[in-house]
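Descriptive structure summary
Read off the chains here:
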Amino acid sequence: RTPTAAQSTSQRDVASTGSASPVKDLAQPRRKLTLMLRHIPCRVRDADVRDLLRRQGLDGKFHSIQVPMDAETDGNLGYAFVVFKTQAALDTGLRVLAGQRFPGCTSDKLTSTEVAMGRRPKWALRGAAGGR
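Residues numbered from 1 in each chain as written. Predicted model: local features only at pLDDT ≥ 70, side-chain atom pairs only at ≥ 80, totals over all residues. Heavy atoms only, no water.

Observations concerning the side chain of Thr113
Operational definition: For helices the rule is a DSSP run of H or I covering at least 4 residues; for strands it is a run of E covering at least 2, with both sets numbered from the N terminus onward. Side-chain atoms alone can form a polar contact between residues adjacent in sequence; in general such a contact is a pair of N or O atoms within 3.5 Å, and within protein one must be able to donate a hydrogen while the other accepts it.
With respect to the helices, strands and loops of the structure, Thr113 is situated in strand E6 (residues 112–115). In terms of polar contacts, Thr113 uses its side chain to reach the backbone carbonyl oxygen of Leu94, at 2.8 Å.

What about the confidence of the model for the chain?
The predicted coordinates should not be examined in detail at positions where pLDDT is low. To be explicit about the condition: What pLDDT expresses is the predictor's confidence in each residue, scored from 0 to 100. Residue contacts are defined here by distance: any two heavy atoms, one from each residue, within 4.5 Å place the two residues in contact.
The share of residues in the chain with pLDDT of 70 or more is 65%, and the mean pLDDT across the chain is 78. The low-confidence segment residues 2–29, where pLDDT is below 50, has 10 contacts with residues more than four positions distant or belonging to other chains.

Looking at the packing of aromatic side chains
For clarity, the threshold we go by: Pairing of aromatic rings covers Phe, Tyr and the six-membered ring of Trp, with a centre-to-centre limit of 6.5 Å; geometry is then stacked below 30 degrees between planes, edge-to-face above 60, and tilted otherwise. Only protein chains enter the accessibility calculation, which uses a 1.4 Å probe. A residue is then buried if its area is under 20% of the maximum for its type, exposed if over 50%, and partly exposed in between.
Applying the stated rule across the entire model yields 1 aromatic pair. Considering the side-chain rings of Tyr79 and Phe81, the 5.6 Å spacing of their centres and the 75° angle between planes classify their relative orientation as edge-to-face. Assessed through its relative accessible area of 24%, Tyr79 is described here as partly exposed.

Next comes the structure, spelled out in structure tokens:
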């Protein structure tokens, strides 16, 4: 029986990396590198979070940003996700992004941070644009 292209690729991956599923190997650490930024003002968008990351010295240290939006109110849901490139960047993000206010917002909300748990959101699987 002739192996399919996927099987051939998988067999080559096992030979070169010792792992039968390189996609799974990459996906698992990324989940652990996702920060949840909570208590953000309702008008904050991806660009605002990106600016906050830049001001805190995290520019280029993350893969993607996602600010889930409420289609009815055109506001966000009060939180955002940031997928970092390394554990060190995540640790820094957890520390420096907590207790922040967004410039230009009249809200008195202070952000809080935590490592995101649960299943990986679809936007992260698609490789959403972010920290490029």
